[in-house]
Amino acid sequence: MRHAFAVLMTATLLSPSVHAEEPALRTNHPYAGMWVTDDGRVRHELLPNGRYVEARGSRERAYEGRYEVTGTHIEYWDDTGFTADGDFVDPDTLHHGGMVLRRRADPVARP
């Protein structure tokens, strides 16, 4: 019985966790980063862990939630239950809710 328990514990400890690998996979996501409308009013920060933070005007954390990207399509699920989507039309341009957001290299800078 001890031997079986030891084998089971060893297998469990040596097996990689799916949850432990998930952030590493998302870290290299090509669309993670800051996306901003040309007037700077709307700012989406797509975090590498699958979460986003949206700022609207002076409200820095107006909306927060999770997102998933399939190909060039993005789906948003706000923490309040609101859903939205968009499409990346090129590596630096996101069309979302009638808006055009562009990739911003420096998330702190404002237009």
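Numbers given to residues run from 1 along each chain, matching the order in which its sequence is written. Reporting of local features is limited, given that this is a predicted model, to residues whose pLDDT is at least 70; pairs of side-chain atoms are given and counted only at 80 or more, and all residues count toward the totals for whole chains, interfaces and linings. With hydrogens and water excluded, all non-hydrogen atoms of the structure serve as input to the side-chain values.

Explanation requested: the overall build of the protein in the structure shown.
Working definition: helices are DSSP H or I runs of at least four residues, strands are E runs of at least two. Numbering for both runs from the N terminus. Across its full length, the protein holds two helices and eight strands. A 1.4 Å probe rolled over the protein chains alone gives each residue an accessible area, and that area as a share of the maximum for its type sets the label: buried under 20%, exposed over 50%, partly exposed in between. The buried share among the 111 residues of the protein stands at 28%. Any two residues whose heavy atoms approach within 4.5 Å at even a single point are treated as in contact. Within the protein, contacts between residues separated by at least 24 positions form 29% of all contacts whose residues are at least 6 apart in sequence. Areas reported here follow the Shrake-Rupley algorithm with a probe of radius 1.4 Å; residue values treat only the protein chains shown as occluding. Accessible area of the protein: about 7400 Å², with a carbon and sulfur share of 58%.

How should I be thinking about the packing of aromatic side chains in this particular structure?
The relation between two aromatic rings is expressed through the spacing of the ring centres and the mutual angle of the planes. Note on ring pairs: Phe, Tyr and Trp rings are taken, using the six-membered ring of Trp, and paired if centres are within 6.5 Å. Classes follow the plane angle, with under 30 degrees stacked, over 60 edge-to-face and the rest tilted. Enumeration according to the criterion identifies four aromatic pairs in this entry. Considering the side-chain rings of Y52 and Y76, the 5.0 Å spacing of their centres and the 80° angle between planes classify their relative orientation as edge-to-face. One end of the pair, Y52, is in strand β3 (residues 51-56); the other, Y76, is in strand β5 (residues 73-78), and 24 residues separate them in sequence. Each of the two residues, Y52 as well as Y76, counts as buried.

Teacher, can you tell me more about the environment of G97 here?
Inspection of the secondary structure puts G97 in the loop between β7 (93-96) and β8 (99-104). For G97 and D85, which are 12 residues apart along the polypeptide, the C-alpha to C-alpha distance reads 7.2 Å.

Looking at this structure, how should I read the sheet that holds strand β2 (residues 42-46)?
Two strands in a sheet stick together by hydrogen bonds in their backbones, pointing the same way (parallel) or opposite ways (antiparallel). Taken together, the eight strands give a closed barrel; going around it, the order is β1-β2-β3-β4-β5-β6-β7-β8, and neighbouring strands pair in antiparallel fashion. Between one strand and the next, the sheet's axes are offset by a mean angle of 30°, whatever the strand orientation. Judged from the five bridges that link them, β3 and strand β4 (residues 59-70) form a sheet pairing that is antiparallel. Across the sheet, residue Y52 finds its bridge partner in β4, namely G65. DSSP-based pairing: two strands are paired if at least 2 bridges between them are found. Between N-to-C directions, angles cover 0 to 180 degrees, with each direction set by a line fitted to C-alpha atoms, over the stretch in contact for helices.

Is there a simple way to explain the pattern of salt bridges in this structure?
Here, a salt bridge means any Lys or Arg side-chain nitrogen found within 4 Å of an Asp or Glu carboxyl oxygen. On inspection of all chains with the given rule, the structure shows seven salt bridges. Taking the shortest distance from any N to any O, the salt bridge between R43 and E60 comes out at 2.9 Å. Residue R43 is located in strand β2, and its partner E60 is located in strand β4; the two are separated by 17 residues in the primary sequence. For D79, the salt bridge identified is with R51, shortest N-O distance 2.8 Å. Here D79 is found in the loop between β5 and β6 (83-90), whereas its partner R51 is found in strand β3, with 28 residues between them in sequence. By relative accessible area, R51 is classed as partly exposed at 29%.

I tried to follow the nonpolar core on my own but got confused; where do I start?
Across soluble globular proteins, nonpolar side chains have a tendency to be buried as a group. Remark: nonpolar core denotes a set of buried residues (Ala, Val, Leu, Ile, Met, Phe, Trp, Tyr, Cys) joined through side-chain atoms within 4.5 Å. Among the nonpolar cores identified, the biggest contains 15 residues, and W35, L46, Y67, I74, Y76, F88 and L94 are the most heavily contacted of them. Sorting the residues of this core by element identifies β2, β4, β5, β6 and β8 as the ones contributing at least two each. Not counting the four nearest positions on each side in its chain, I74 is found in contact with L46, Y67, E68, V69, A84, D85, G86, D87, F88 and L94.

How should the pairing of β7 be read in this particular structure?
Residues in a regular strand point their side chains to alternate faces of the sheet. In this sheet, β7 lies alongside β6 in antiparallel orientation, the contact comprising four bridges. Paired with G86 across the strands is H96, a residue of β7. Once β6 ends, the chain turns through two residues before running back antiparallel as β7. Sheet analysis places β7 next to β8, joined by four bridges and oriented antiparallel. Note that in β8 the partner of L94 across the bridge is L101. Between the end of β7 and the start of β8, which pair antiparallel, lie two residues, with G97 showing a positive phi angle near 55°.

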